[in-house]
Amino acid sequence: MTLISTPFGARTTAAEVLAGVDLTGRRMIVTGGASGVGTATVRALAGAGARVTIATRNPAIAKPLVEESPNIDVAAVDLADLDSVRAFCAAWDGPVDAVVANAGVMMLPERQVNAQGWEMQLATNYLGHFALLTGLRTALRSAEGARVVMVSSGAHLLAGIDFEDPQFERKPYDSRIAYAQSKTADVLLAVGISRRWAQDGIRANACAPGQILTNLMRHLDAATLQALGVTDPDGNTTIPDHYKTPEEGAATSVLLAASPLLEGVTGRYFENNQEAPVVEGGPHLMAEGGPEAMVDMVAEWAVDPAAADRLWEYASTTIRDAADLSGTSDSR
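Residues numbered from 1 in each chain as written. Predicted model: local features only at pLDDT ≥ 70, side-chain atom pairs only at ≥ 80, totals over all residues. Heavy atoms only, no water.

Draft legend 1. Structural detail: the overall build of the protein chain. Scanning the protein chain from N- to C-terminus turns up twelve helices and ten strands. Within the span of the protein chain, comprising 332 residues, buried residues form 54% of the whole. Carbon and sulfur atoms form 51% of the exposed surface of the protein chain, whose accessible area is close to 13,900 Å². (Helix = DSSP H or I, 4+ residues; strand = E, 2+ residues; numbered from the N terminus. Buried < 20%, exposed > 50% of the residue type's maximum accessible area, 1.4 Å probe, protein only. Areas by Shrake-Rupley, 256 points an atom, 1.4 Å probe, with all protein chains shown as cover.)

Draft legend 2. Representation of the pattern of salt bridges in the model. Throughout the structure, instances matching the rule amount to 14 salt bridges. Note that glutamate 275 is salt-bridged to arginine 268, the shortest N-O span being 2.9 Å. Owing to a relative accessible area of 19%, arginine 268 belongs among the buried residues under this scheme. Among the charged side chains, a salt-bridge network with shared partners connects Arg195, Arg196, Asp309 and Glu313. (Salt bridge = Lys/Arg side-chain N within 4 Å of Asp/Glu carboxyl O.)

Draft legend 3. Local environment of helix α4 (residues 82–91). Those residues of α4 that sit buried are Leu82, Ser84, Val85, Phe88 and Cys89. The arc enclosing the buried residues of α4, seen along the axis, measures out at 165°, which places them on a common side. Projecting away from the buried face of α4 at angles above 90 degrees are the exposed residues Ala90 and Ala91. (Arc of directions from axis to C-beta.)

Draft legend 4. Broad picture of the sheet that holds strand β4 (residues 98–101). The strand order β3-β2-β1-β4-β5-β6-β7-β8 describes an open sheet built from eight strands, whose pairing is mixed. Two strands in the sheet have a free side with no partner beyond their single neighbour: β3 (72–76) and β8 (274–275). Bridging between β4 and strand β5 (residues 147–151) involves four bridges; their strand directions are parallel. Bridging from a neighbouring strand, valine 99 pairs with valine 148 of β5. Sitting on the sheet, helix α10 (residues 251–258) touches β1 (27–31), β4, β5, β6 (203–208) and β7 (269–271), and the angle it makes with β5 is about 160°. (Pairing = 2+ DSSP bridges. Contact = heavy atoms within 4.5 Å. Axes fitted to C-alpha atoms, helices over the stretch in contact; angles between N-to-C directions.)

Draft legend 5. Inspection of the side chain of serine 259 at higher detail. Within the secondary structure, serine 259 is located in the loop between α10 and β7. Setting aside residues no more than four positions away along its own chain, serine 259 makes contact with Leu18, Arg147 and Val254.

Draft legend 6. Structural context of the packing of aromatic side chains. Scanning the entire structure with this criterion turns up five aromatic pairs. Seen in terms of ring centroids, tyrosine 126 and phenylalanine 130 are 6.1 Å apart; in terms of plane orientation they differ by 50°. Their pairing is tilted. Separated by four residues within a single helix, tyrosine 126 and phenylalanine 130 lie in helix α5 (residues 120–135), roughly one turn from each other. For tyrosine 126, a relative accessible area of 1% corresponds to the buried category. For the ring pair phenylalanine 168 and tyrosine 173, a centre distance of 5.6 Å and an interplane angle of 75° mean the geometry is edge-to-face. Through a chain of ring-to-ring contacts, the aromatic side chains of Tyr126, Phe130, Trp197 and Trp312 assemble into a single cluster. When the ring centre of phenylalanine 168 is taken as origin, the NZ or CZ atom of lysine 171, which lies over that ring, is 4.1 Å away. (Phe/Tyr/Trp six-rings, centres within 6.5 Å; stacked < 30°, edge-to-face > 60°. Lys NZ or Arg CZ within 6 Å of the ring centre and 35° of its normal.)

Draft legend 7. Inspection of the packing of helix α2 (residues 36–47) against α10 at higher detail. Remark: α2 packs on α10, axes separated minimally by 9 Å, with the N-to-C direction vectors making an angle of 40°. By the angle between their axes, α2 is oblique relative to α10. Read as a crossing pair, α2 and α10 show a hand that is right-handed. In this structure, α2 contributes Thr41, Ala44 and Leu45 to the contact, and α10 contributes Ser253, Val254, Ala257 and Ala258. Among the residues forming the contact of α2 with α10, the class breakdown is five nonpolar, two polar and no charged. (Parallel < 35°, antiparallel > 145°, perpendicular 65-115°, else oblique. Left-handed = near helix turned anticlockwise from the far one by under 90°. Nonpolar A, V, L, I, M, F, W, Y, C, P; charged D, E, K, R; others polar.)

Draft legend 8. Representation of the nonpolar core. In this structure, Tyr126, Leu133, Leu136, Leu140 and Ile193 are the most contacted members of the largest nonpolar core, which totals 53 residues. Sorting the residues of this core by element identifies α4, β4, α5, α6 (137–142), β5, α7 (175–196), β6 and α12 (305–325) as the ones contributing at least two each. Ranked by residues supplied to this core, first place goes to α5 with eight residues. If near-sequence neighbours (up to four positions away) are discounted, leucine 133 is found in contact with Val99, Leu140, Val148, Met150, Leu189, Ile193 and Trp197. Counting residues in each nonpolar core, the second largest holds 39 residues, with Val21, Ala44, Val151 and Ala250 among its members. (Core = buried A, V, L, I, M, F, W, Y, C linked by side-chain atoms within 4.5 Å.)

In structure tokens:
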């Protein structure tokens, strides 16, 4: 399979990707759009004419962004709360041309669980988005050509899915592996959608935004921040040369969400605005080159169709069981 290339690179901004693209009349949703890369994604899509809804746990944070443009709305949704996700989907009216699944939580130092008892990184980064997208399937189908963008991370190269204990209920909790697993799950969700919803005209791809200094790092300890090069030994903030700006980090997301160059493309993984080759993942990648070397590649376990199918069934069962326990049902 020939890898897809574009004229854009690692330092291209989201606005540059959409230069000359008219998204007037399109309706799009960006989860976690109130800060960081999500905000840059929202601004670029709205700037090209799309009507963008910021789906965020705290709508008040998005108020300044909403005031910037009549093309930007905000709605409350907590991806770690299944009832909140269902309420958002039930309230949505009309088609959805694109969903950028951007929200996430990274490396919680201690194992936390949501109301359903799900490990919080898997709950927020993957299961919540699975519930959101399946809940919006009709709206996506009605757009006749909708796109789904799963924002993953190069960290997915460190771990596949532990189907025997995905919630760390038996094995010791490891914050880095839990995050990596959830980001692998995001890529597999794009693969799963591409396999199951193609007849609906829905296309799904995944991407890594690259390394960017944002609020996503708020749970990292001092030693980890220093190892990543974003603080010096005295705790002062530094930005390594290979780090991107949020606007550069959002470029691949908007490429997949709205660029005519990706029309009809589905089930693939992009980084730095290019499709990435498949490699054998593993912890050795971190040892060999550190996080700055883990770019422009996707682990074979993240694009494995069998793993995508197995994870889809796991998520469907997990969410259905949670709905049954809460006294609701899901016929989707």
